[in-house]
Amino acid sequence: MGQMLTIGKALNLGLRKAMEDDAKVVLMGEDIGKLGGVFRITDGLQKDFGEARVVDTPLAEAGILGTAVGLAMRGYRPVCEIQFDGFVFPAYNQIVTQVAKIHARSKGKLPMPIVIRIPFGGGIGAVEHHSESPEAYFAHTAGLKVVAVSNPVDAYWGIQQAIAHPDPIVFLEPKRRYWEKAEVDVDATPDPLFASRVVHGGDDVTVLAYGPMVKTALQAAEAAAEEGRSLEVVDLRTVSPLDLEPVFESVRRTGRCIVVHEAPVTLGLGAEIAARVTETCFHSLEAPVLRVGGYDTPYPPSKLEEEYLPDLDRVLDAVDRAMGF
Amino acid sequence: MTALPETTEMVDPVPGAAAPHLPQRAELVQLLTPEGDRVEHPDYSLDIGEQELRELYRDLVLVRRWDVEATALQRQGQLGIWASLLGQEAAQIGAGRAMAESDMAFPTYREHGVAWTRGVDPLHVISLFRGVDNGGWDPVATGFNLYTVVIGAQTLHATGYAMGLQRDGAESAALAFLGDGATSQGEVNEAMIWAASFSAPVVFFCQNNQYAISVPLERQSRVPLYQRAAGFGFPGVRVDGNDVLAVLAVTRSALAAAREGQGPTFIEAFTYRMGAHTTSDDPTRYRLASELEEWKLRDPIARLKAHLSRSSIADAAFFQGVEAEADELADRIRSGTVDMPAPAPTEMFDHVYAEQTPQLAQQRADFVAYQASFEGGEH
Ligand SMILES: Cc1ncc(C[n+]2csc(CCOP(=O)(O)OP(=O)(O)O)c2C)c(N)n1
């Protein structure tokens, strides 16, 4: 039934399906046509859907997002590809001052069904501005929704759900996991887009992650099991809105919670989650909610990224600390 | 300065699109033909001695060798990525050698030839692509700013720097490098507006290598790029970017005008990227081999070599000497790259602020303690 797909290929097939299902879907981005995008996510789509639906844009991110606003006003569903995380900032003004606010400002008269696809995070040995985790900037902006997929199944369904959704969505793709495979059943009923999911059951500590860090958390769970510790891993899947009910449930059972992300810890998503878990599960907690993340430094040159990025040792170290309280 | 070219000829800027209202006369300043013959141009003369000509040749050969070596090092896994300048040597050497010592260059990520002319050690440039640091050279001492990866951002910096020069009464100029793709960025257009409005001593040096990764020039502009300048209110010139002499002459003249208070110039160096965009790119997906072959005939090094030999400015011994020097440089680059030490991990904390914050100092201490906990362990 299912096919073995990489995250990259799953996104490609998901985009293809969305374009077949809705003639108003238009892909826009730099090098997404003939080249198929620098990660080849849009490979072959221009050939099959034409240059009007898969648009190689000028080299201008503000232009990509700004024109997407106008196209959305005409009933189109623009799917904008930002080539790398660090290059979303020229479009930042359009995203936070326009895309995010137009629905509210127009009292719902102007929906903005725009998807902003961003390959995010590090671990691929790139030069600066190619490895960033900008999710907090977007999650902090009311009017935007932020999703981060971690596996081919969610990539395939998530991109279609995001495109069909009426609100603007920043869709984060874990670039260093693009080549990882899993079986995708294209006839299955997908999980809803804005829902977190327990991906590994356990009793001692609840570990939360999203995007590229889900795999790291799962590796930590396996390593911990060898030492007789049982980690429950939750793939958040959605960064904004946050789906924390399953997390609260888990934490009430385990009494311990660790949030893992690549972005710098200060004012990162972990801070928000720690506050909410503390507010809601205060009486169940055996230890403070701990955060494992990037340091509060610019993303370092690639020779240091292994030191910068949370790995399973850093997660296990946090598990030790949580258990030690 | 030259006057803006007259808009006499009207041609279709985009195949299939009739737009007779768009001016299209693409005049190309050239001082050395692709065959290596010296020609004159009414507006740009170049008074240049034999020694200087030989030095330009040496520059071209050495930066090409550096580039070829770096591409090979990337293939062997020694560099994460490399942005090749192959084919653009003349544009970069010509522009770099036109600069005075007190001028300041604002490069993108491909200006290795300009770096060379500013005395930046090739290994410093390589360290960035190796992932050791974000550019190890001193921008102040070299007059060569750090590389800029975010497209177009440096054009505003160059303009602001030029405004600073202007305020200080310094007789110097800023030279901003950008690509053809970069001209689409809002920030680049803002830079040109500021430069014009304040008559800033800045020269925009655009290497039109015909592509922004895979996207051809037609997707960025329907008029020749140099004609854009007119809309901002300053002169634009198109120069043969594979002709080091013409680039030198045009850039010298534009920099001199800027230093004399005549404001900005936009130079479009018409050239071609012979290699891939970077070592991660596959140009066979978007361009034809025939196009590449055509441009090979305009090779910037071959044409100067032809001129030097034909005019007896250089002999076989000279060319052999330059080759030998290139071999030495390649050796130095190879061993220097392979031996380049990884940075100390704590370095990532050390220059974030001029004044370290207590939080970051704490994070650094925690990091050191955490690393130490693995000492002797399996980590
Ligand atoms: C703001 C921004 N968007 C996208 C990129 C990714 N990118 C790197 S180089 C490049 C093409 C640049 O083309 P051009 O300006 O013509 O310069 P060239 O590389 O051809 O010298 C792109 C799209 C980037 N670095 N910065």
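The structure this text deals with has already been given above.
Residues numbered from 1 in each chain as written. Chains lettered and ligands numbered in written order. Predicted model: local features only at pLDDT ≥ 70, side-chain atom pairs only at ≥ 80, totals over all residues. Heavy atoms only, no water.

(A) Looking closely at the overall build of chain A. For chain A, the helix and strand inventory stands at 12 helices and 14 strands. Taken against the 2.2 N^0.38 rule, which gives 20 Å for 325 residues, the C-alpha radius of gyration of chain A at 19 Å falls within 12% of a compact globule. On the principal axes, the C-alpha backbone points of chain A span a range of 60 × 40 × 40 Å. Expressed as a percentage of contacts within chain A between residues at least 6 apart in sequence, the contacts between residues at least 24 apart total 81%. Computed over 32 positive and 45 negative side-chain charges, the inter-centroid distance for chain A is 7 Å. (Helix = DSSP H or I, 4+ residues; strand = E, 2+ residues; numbered from the N terminus. Rg over C-alpha atoms; globule rule 2.2 N^0.38 Å. Contact = heavy atoms within 4.5 Å. Lys, Arg positive; Asp, Glu negative; His and termini not counted. Charge placed at Lys NZ, Arg CZ, Asp CG, Glu CD.)

(B) The arrangement of the interface of chain A and chain B in detail. Listed as interface residues are 40 residues of chain A and, on the opposing side, 40 residues of chain B. Buried area between chain A and chain B, summed over both chains or domains, comes out near 3300 Å², and the portion from carbon and sulfur atoms is 61%. In this assembly, chain A and chain B are joined by one salt bridge. We note a salt bridge from R285 of chain B to D43 of chain A, for which the minimum N-O separation is 3.0 Å. Taken together, the connections running from chain A to chain B amount to 12 residue pairs in polar contact (both at pLDDT 80 or more). Of all the secondary-structure elements, those providing two or more residues to the side of chain A that touches chain B are β3 (54–56), α11 (305–308) and α12 (312–324) of chain A. Per-element tally for the side of chain A that touches chain B: the top contributor is α12 of chain A, with three residues. (Buried area = accessible area lost by both parts, 1.4 Å probe. Salt bridge = Lys/Arg side-chain N within 4 Å of Asp/Glu carboxyl O. Polar contact = N/O pair within 3.5 Å; in protein donor to acceptor, adjacent residues only side chain to side chain.)

(C) Examining the site of the ligand more closely. Close contacts around the ligand come from 21 residues, with E61 of chain A together with Y109, R110, V149 and G181 of chain B the closest. D180 of chain B has a polar side-chain atom sitting 3.1 Å from an oxygen atom of the ligand. The contact in question runs from an oxygen atom of the ligand to an N or O atom on the backbone of A182 of chain B, over 2.9 Å. For the ligand, whose accessible area on its own is 580 Å², the fraction buried by protein is 95%. Classifying every residue of the shell around the ligand gives 11 nonpolar, six polar and four charged. (Near = heavy atom within 4 Å. Areas by Shrake-Rupley, 256 points an atom, 1.4 Å probe, with all protein chains shown as cover. Nonpolar A, V, L, I, M, F, W, Y, C, P; charged D, E, K, R; others polar.)

(D) Spotlight on the pairing of strand β13 (residues 257–264) of chain A. All names here are of chain A. Counting buried positions over the eight residues of β13 gives seven, a clear majority of the element. Looking at chain direction, strand β10 (residues 205–209) and β13 are connected through three bridges and run parallel. In the strand pairing of β13, V207 is matched with I258. For β13 and strand β14 (residues 290–294), the ladder comprises four bridges, and the chain directions are parallel. (Buried < 20%, exposed > 50% of the residue type's maximum accessible area, 1.4 Å probe, protein only. Pairing = 2+ DSSP bridges.)

(E) Representation of the nonpolar core in the model. If you look at the biggest cluster of nonpolar residues, it comprises 73 residues, and the most contacted ones within it are W66, V125, Y147, F205 and L245 of chain B. Excluding residues that lie within four positions of it along the chain, L245 of chain B makes contacts with L31, L32, R38, L46, I48, L53 and L56 of chain B. (Core = buried A, V, L, I, M, F, W, Y, C linked by side-chain atoms within 4.5 Å.)

(F) A look at the sheet that holds strand β1 (residues 104–106) of chain B. Residues and elements named next belong to chain B. Within the open sheet, the five strands sit side by side as β1-β2-β3-β7-β6. Their pairing is parallel. What marks the edges here is a single partner per strand, and that holds for β1 and β6 (236–240). The mean angle between the axes of side-by-side strands here comes to 20°, regardless of whether they run parallel or antiparallel. Pairing of β1 with strand β2 (residues 174–179) involves three bridges; the strand directions are parallel. Each bridged residue has a counterpart across the sheet, and for A105 the counterpart in β2 is L175. Docked against the sheet, helix α6 (residues 153–168) engages β1, β2 and β3 (202–208), running at close to 170° with respect to β2. (Axes fitted to C-alpha atoms, helices over the stretch in contact; angles between N-to-C directions.)

(G) Seen up close, the pattern of salt bridges. Inspection of the entire model under this criterion finds 36 salt bridges over all chains. The closest approach of N and O atoms between E52 of chain B and R252 of chain B, which form a salt bridge, is 2.9 Å. Highlighted residues: E52 of chain B in helix α1 (residues 50–75) and R252 of chain B in helix α9 (residues 244–259), separated in sequence by 200 residues. Looking at E52 of chain B, the relative accessible area reads 30%, which means it is partly exposed. Residue R252 of chain B is classed as partly exposed on the basis of its relative accessible area of 30%. The closest approach of N and O atoms between R238 of chain B and E268 of chain B, which form a salt bridge, is 3.1 Å. Placement of R238 of chain B in strand β6 and of E268 of chain B in strand β7 (residues 265–270) is noted, with a sequence separation of 30 residues between them. One continuous salt-bridge network, built from bridges that share partners, spans D154, D191, R197 and R237 of chain A.

(H) Up close: a nonpolar patch on the surface. Residues and elements named next belong to chain B. On the surface, a cluster of nonpolar side chains totalling about 300 Å² of accessible area is made up of I193, W194 and F198. Along the chain, I193 turns up in helix α7 (residues 186–197). I193 gets classed as partly exposed once you look at its relative accessible area, which sits at 44%. (Patch = residues over 30% accessible without salt bridge, like charges linked within 9 Å, V, L, I, M, F, W, Y side chains within 5 Å.)

(I) Region of the structure containing the sheet that holds β14 of chain A. Residue and element names in this part refer to chain A. With mixed pairing, the five strands of this open sheet are ordered in space as β9-β11-β10-β13-β14. Two strands in the sheet have a free side with no partner beyond their single neighbour: β9 (197–200) and β14. Within this sheet the neighbouring strands show an average axis-to-axis angle of 30°, counted without direction. Contacts between helix α9 (residues 245–254) and the sheet are confined to β10, β11 (231–235) and β13, with β10 contributing the most and set at about 150° to the helix. Those strands touched by α12 are β10, β11, β13 and β14, and its axis lies near 160° from that of β14.

(J) Looking closely at the pairing of β3 of chain B. Residues and elements named next belong to chain B. When you tally the buried positions in β3, you get seven out of seven residues, the bulk of the element. Judged by which residues are buried, β3 turns out to be covered on both faces: V202, F204, C206 and N208 on one side and V203, F205 and Q207 on the other are all buried. Examined bridge by bridge, β2 and β3 share six bridges and lie parallel to one another. Bridge pairing in β3 links A174 to V202. Where the polypeptide runs from β2 across α7 and back to β3, its parallel neighbour, the crossover connection is right-handed. Inspection of the sheet shows β3 paired to β7 by six bridges, in the parallel sense. Residue F205 lies in a different strand from β7, and its bridge partner there is I267. (Right-handed = clockwise from strand over helix to strand, strands pointing away.)

Function-wise, these values are silent; they only describe arrangement.
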